Structure formats: C-alpha cells, structure tokens
Amino acid sequence: MSFSNPTILGLKKSFGFGDRLGLAGPGHIAALKKSSFAGIISQQSIREMARTQRTPDEVMNAARTAIEACKYDQPWGADADHLKTEEDVKYTADAGFCFFTIDPSEFVVNEADSVDEPALNEGVAALVNGGVFDGPDWEERYLGKEIEINDGFALTFDKESLYRAAVKYARAIAHCEEMSGYIAKHSADRPFEIEVSVDETDSPTSHLEHLFFALELKRRGVTVVSLAPRFIGEFEKGIDYKGDLEAFDASLEKHVAIAKAMGPYKISVHSGSDKFSIYPAIGRICGDLLHVKTAGTSYLEALRVVTRTNPDLFKEIVAYSAGRFTTDKVSYHISVTDADVEGFVANPPSDYEKVFLDEDHGRQLLHVTFGSVLTMGKAASGQLFKEAIMENLEANADLHAEVLEKHLGKHLSLLEQG
Ligand SMILES: [Zn+2]
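Now for a quick tour of the structure. None of the values given here were measured: they were computed from a predicted structure.

It is worth spelling out the environment of M60 at this point. Within the element layout of this structure, M60 appears in helix α3 (residues 56-69). Separated by 18 residues in the primary sequence, M60 and A78 place their C-alpha atoms 7.6 Å from one another. Sequence-distant contacts of M60, defined by excluding residues within four places in its chain, comprise P6, S42, W76, A78, A95, G96 and F97.

Rendered as structure tokens:
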C-alpha cells in the first residue's frame, strides 16, 4: 500500500521535515525510514513560502515526488504551518494540506504579563463587553477551583493569574475557534488535524496559561492534535538549546501532564532544529505525545553540499549573506550580532564548512538570510543563487541525501534515545 496523498497522523509521535528547496525529500525519507516516527514530509509556514516565493502546490509536489521516488509506503502528513487568516487556510487546503497549524500570535497580548491591576480589570471587562466571554460570570468556571491534572499535580487559578491568562490569551483562543471553522470549511470532506502554536510569544507559557488555553479551547469545541507552547530557556534558530536542562525537563513534564489530561494531544516543539542536548529528555518525557518541527537545518545541510562541491559558490553565498544580515535578522531569535558578522568579513576563516555550518554564529548568519539568498541573491556570474544551488544539489543528489540522512537521523535517534 502506498499513500500518494497526505493523511492525518493522529496521536502518534511525529517529526516535521521542512524542505525550503524542494530537493530534501530523499534524505529526509531515508532518515525517517530508520526511525519509529511518523513523518510530516510536506511542511512549510506561510511566512517561509513568502520568503522563498513557493506555492503550497510546489511544496506538496516536492514531497509527493520524493515519496514516489523513495517508495515510501507509510502514511505521511502535510503541515500548513503558522496560518493566520482564512486566506492562508484556503490557499493551503486547496493544495491538499491536512495538518493545519493555527498561529493566533497577533491576538496574544504579551503586555498582560506586566500591566497593573486597574489595567488588568479593564482588559477583562473589555473581553466580557466584547463578547469574548459569554458573561461576567465566566470566571466562576475557573476562579479558586483546584483542577487535578494527575496524581499529585493540581493547578488552581487565583484571580491575578486567571486575569493575566485571560487578557493575554482569550482573544487568541477565540481566533483559534474562528480559524478551525475555516479549516473545516475549506477541507471539504477530507479529514484534517489542527495544531495551535503560541511558541512565538514574548515570555514562556506557564502551566496555568497552558491549562487556561486548553480549557478554553475545549469550551469552544476546538479539538487539537498538538499544541506548541513557548518553552523556558532559549530556542534559537539552527543551534542547540540554551538554558537549564533540569528546569526544562521539570517544566516539560508538567506541560505533557496537562496535554494528557486535557486532550490528550501532542506537545509540539517548534524551532526543533539541532536541540540535541534536550532531545533524549523530550523523547522520554513526551513518549507518543510528541511532534517536532525542523526546517532551517536542512537548508544548512544543502549548503554543506555546496561548500564541499563548489567552495567558491559557497563563499559568494556567505559574502552575500553577510551583506544582508542587518536587514534580514529582524524578527529572528538569534545571538549572532552585526559585530560578529563584521568579524567574518574582516577575517575570513580558513575552514568555511566548520565556521559557517558547524559553529553557532556562522549557522545563524546563514539561517536568517535564506530568504534573500533564495530569491534575490546572485553569483558573480549573474546566475541566481537559487538556480546555482539547485543545479549543484541535482548534480550531487547522492551526497545531498547522505548528509541529510545523517543529520536528520541524528535528530531522530537522539529523540528515540530517551
Ligand atoms: Zn513556530
């Protein structure tokens, strides 16, 4: 049996392979085949599609082509990531996507963490008057109630934490309900699954906030297959986790307990690329209730092929990226600075692969500039970088598959080690 169309994967641990160039499928599938994970083989956010000028159909067709070529015979998923509008939903549902990640971040009020009491009260009143809650007695559902999550773990909303959670998230949750209606409408009769992501908020998602989110989704009849909180510590792009490992484990255990009790649904780890130090713990703590998303790391592996087979082209891409860095870094969570990048330009390293593909600062420089490289950047010859990279990868398809299998295989096997 083979699956030419994506399907829902349900509550089975899963791994999302973002592929910005459309040629990573064979390497991704080779790694996937050796693992116990279900694969989301087609995955791209609306933002990335815009940055790479790709359509949902192109993303889907790249996955289908790889699946056929690799004779992959397991069910596979297709994640339309970080959707914000009905238009986003229609655009991706029409291409056959069936895993929809709702991103309600525009409705999250981050300031709720810090505003004073009068402002908080005002915020809650606005929610009631605006119809986000059904009436002033909304808080009776929560206030002072001890909610048992599991044996030995219960959470209670005091007034302040309830009000802060409500002001921060209630409109976002209402938006999720609206979006889930669009997803049902545009999926026609096809089965679909929904993830909600709040991984890009300013502060980590507390356990009480997670619980509030889950209870409100339930009240509104929105069933999710996974939820992406913002975790404690730093999830920077393209590099390992930074933070206290024990605190991370303890916090994740509680998030998973809430997901089990309120769903069950999976905990989704965004910016999952290269978080090697926490993977064994993530795999162990989440078990089957786990989804991990990666994307940028595969682009960097594509560039590894370029540097090994056409070092001059790679040097041109690095130089171009350095020139784009100040503009392109906006909106990214990274630690490489303008001064670091100026340092690269002033003193080019002797080992490009090591500095730009294995070390944090170099990786992040290339990570944030992918959109410019793949849409506007040109080699000295006048050829677009994207064309030159694609030609290179097509000519070195075996090496490309090999480096991807090795690198994504490392992700998967560490997750399985727990
Ligand atoms: Zn995300």
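Next comes the rest of the account.
Negative phi characterises most residues that are not glycine, and trans characterises most peptide bonds. Put simply, G263 and P264 share a cis peptide bond, and its omega is 5 degrees. Positionally, P264 belongs in the loop between α8 (245-262) and β9 (266-269). Unusually for a residue other than glycine, A188 sits at a positive phi of about 50 degrees. The topology assignment puts A188 in the loop between α6 (159-186) and β7 (193-197). Positive phi values are uncommon outside glycine, yet D274 reaches one of about 65 degrees. Structurally, the position occupied by D274 is in the loop between β9 and α9 (279-286). A residue is classified by how much of its surface remains accessible, and D274, at 4% relative accessible area, is buried.

In this section: the coordination of the zinc ion. Reference values for coordination geometry: four tetrahedral donors around a metal ideally subtend 109.5 degrees, six octahedral donors ideally subtend 90 or 180 degrees. Around the zinc ion, the protein contributes the donor atoms H82 (NE2), D199 (OD) and H270 (ND1), which lie 2.0 to 2.4 Å from the metal centre. Written as a sequence motif, the donor residues of the zinc ion are H-x116-D-x70-H. Taken as a pair, H82 in strand β3 (residues 76-83) and H270 in the loop between β9 and α9 lie far apart in primary sequence, 188 residues in all. As far as burial versus exposure is concerned, H82 and H270 are alike and both buried.

With that settled, the discussion passes to the packing of aromatic side chains. The final tally for this structure, using the stated rule, is 20 aromatic pairs. Relative to F248, the ring of F235 lies with its centre 6.0 Å away and its plane at 40 degrees, an arrangement referred to as tilted. Residue F235 is found in the loop between β8 (226-228) and α8, and its partner F248 is found in helix α8; the two are separated by 13 residues along the sequence. Taken together, the ring pairs in this structure connect F133, W138, Y142, F157, Y163 and F212 into an aromatic cluster. The residue whose ring lies beneath R20 is F370, and the NZ or CZ to ring-centre distance is 3.7 Å.

A separate point is the nonpolar core. Counting residues in hydrophobic clusters, the biggest one holds 94 residues, and the most contacted among them are W138, F212 and I282. Among the elements that make up this core, the one with the highest residue count is α6 (12 residues). Excluding residues within four positions of it along the chain, I282 makes contact with F248, L252, V269, G287, L290 and L415. If you look at the next biggest cluster of nonpolar residues, it comprises 35 residues, including L313, I317, A322 and L357.

Rules and cut-offs
Residues numbered from 1 in each chain as written. Predicted model: local features only at pLDDT ≥ 70, side-chain atom pairs only at ≥ 80, totals over all residues. Heavy atoms only, no water. Helix = DSSP H or I, 4+ residues; strand = E, 2+ residues; numbered from the N terminus. Contact = heavy atoms within 4.5 Å. Buried < 20%, exposed > 50% of the residue type's maximum accessible area, 1.4 Å probe, protein only. Donors = N, O, S within 2.8 Å, 3.2 Å for Na, K, Ca; no water. Phe/Tyr/Trp six-rings, centres within 6.5 Å; stacked < 30°, edge-to-face > 60°. Lys NZ or Arg CZ within 6 Å of the ring centre and 35° of its normal. Core = buried A, V, L, I, M, F, W, Y, C linked by side-chain atoms within 4.5 Å.

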